[in-house]
Amino acid sequence: MSKPKISVIVPVYNKETYLPQTLDALVGQTLQELEIILIDDGSTDASGRICDTYAARDSRVQVIHQPNGGVSAARNAGLDAARGEYMGFCDADDIPGEDLYETLYDLAQTHACDI
């Protein structure tokens, strides 16, 4: 993929119950030029395996496995890996609307936002 329009960083820690819904919503976004970075922050449940499954199915998804360091360390790891024009964050138990990132990107472009 060329440079993504938005890198969406998702810190993940023991969210196996919610994670598939969140990831389905992210890969189903109307804006396809997304980079979805999942940070498995030392999960002890099936969250890491779920992340790997989505990465195997969709080239826009990448997974970083790291020892538990907390949500800030996970977000920072995602920022280090991100290549997008803009950055976005999504919690592992959030379900974004299907056009959330397209709407945000269009608004940023319309209003020449730098953040």
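This one's a predicted model, so the numbers in the text were calculated from it and none came from an experiment.

Engineer: Tell me what's going on with the overall build of the protein chain, and back it up with residues and numbers.
Structural biologist: What the protein chain contains, in helices and strands, is four helices and four strands. For the protein chain, the sequential pattern of α-helices and β-strands runs β-α-β-α-β-α-β-α. Computed over the C-alpha atoms, the radius of gyration of the protein chain is 13 Å, within 12% of the 13 Å expected from 2.2 N^0.38 for a compact globule of 115 residues. With respect to the principal axes defined by its C-alpha atoms, the protein chain has extents near 45 × 25 × 25 Å. Surface exposure of the protein chain reaches about 6100 Å², of which carbon and sulfur atoms provide 50%. A distance of 4 Å separates the average location of the 8 positive side-chain charges in the protein chain from that of its 19 negative side-chain charges.

Engineer: Explain the pairing of strand β3 (residues 61–66) residue by residue, including any values.
Structural biologist: Where strand β2 (residues 34–41) and β3 come together, six bridges link them in parallel fashion. The partner of Asp40 across the bridge, within β3, is His65. The handedness of the β2 to β3 crossover, carried by helix α2 (residues 47–57), is right-handed.

Engineer: Quick rundown of the pairing of strand β4 (residues 86–89)? Include the residues and the values.
Structural biologist: Residues Tyr86 and Gly88 of β4 are buried on one face, while the alternating residues Met87 and Phe89, pointing to the opposite face, are not. Note that strand β1 (residues 6–12) and β4 share four bridges and pair parallel. Each residue of the ladder has a partner; that of Ser7, found in β4, is Met87.

Engineer: Now, about the packing of helix α1 (residues 19–27) against α2: what can you tell me, with residues and values included?
Structural biologist: The geometry of α1 relative to α2 is characterised by a closest axis approach of 10 Å and an angle of 25° between their N-to-C directions. The angle between α1 and α2 falls in the class roughly parallel. Read as a crossing pair, α1 and α2 show a hand that is right-handed. Contact residues: α1 offers Leu19, Pro20, Leu23 and Asp24, while α2 offers Ser47, Ile50, Cys51 and Tyr54.

Engineer: Please set out the pattern of salt bridges residue by residue, giving values where relevant.
Structural biologist: Taken as a whole, this structure holds four salt bridges when the rule is applied. Two residues, Glu35 and Arg83, come together in a salt bridge whose shortest N-O distance is 3.2 Å. Placement of the pair is Glu35 in strand β2 and Arg83 in the loop between α3 (71–81) and β4, with a sequence separation of 48 residues. Measuring nitrogen to oxygen at the nearest pair gives 3.2 Å for the salt bridge that ties Arg75 to Asp91.

Engineer: Which residues make up helix α4 (residues 100–110), and what values do they have?
Structural biologist: Along α4, the positions that sit buried rather than exposed are Tyr101, Tyr105 and Ala108. For α4, the buried positions fall inside an angular range of 65° around the axis, keeping them on one side. Buried-residue contacts for α4 involve β1, α1, β2 and β4. Just downstream of α4 lies Ala112, where phi reads positive at about 50°.

Rules and cut-offs
Residues numbered from 1 in each chain as written. Predicted model: local features only at pLDDT ≥ 70, side-chain atom pairs only at ≥ 80, totals over all residues. Heavy atoms only, no water. Helix = DSSP H or I, 4+ residues; strand = E, 2+ residues; numbered from the N terminus. Rg over C-alpha atoms; globule rule 2.2 N^0.38 Å. Areas by Shrake-Rupley, 256 points an atom, 1.4 Å probe, with all protein chains shown as cover. Lys, Arg positive; Asp, Glu negative; His and termini not counted. Charge placed at Lys NZ, Arg CZ, Asp CG, Glu CD. Pairing = 2+ DSSP bridges. Right-handed = clockwise from strand over helix to strand, strands pointing away. Buried < 20%, exposed > 50% of the residue type's maximum accessible area, 1.4 Å probe, protein only. Axes fitted to C-alpha atoms, helices over the stretch in contact; angles between N-to-C directions. Parallel < 35°, antiparallel > 145°, perpendicular 65-115°, else oblique. Left-handed = near helix turned anticlockwise from the far one by under 90°. Contact = heavy atoms within 4.5 Å. Salt bridge = Lys/Arg side-chain N within 4 Å of Asp/Glu carboxyl O. Arc of directions from axis to C-beta.

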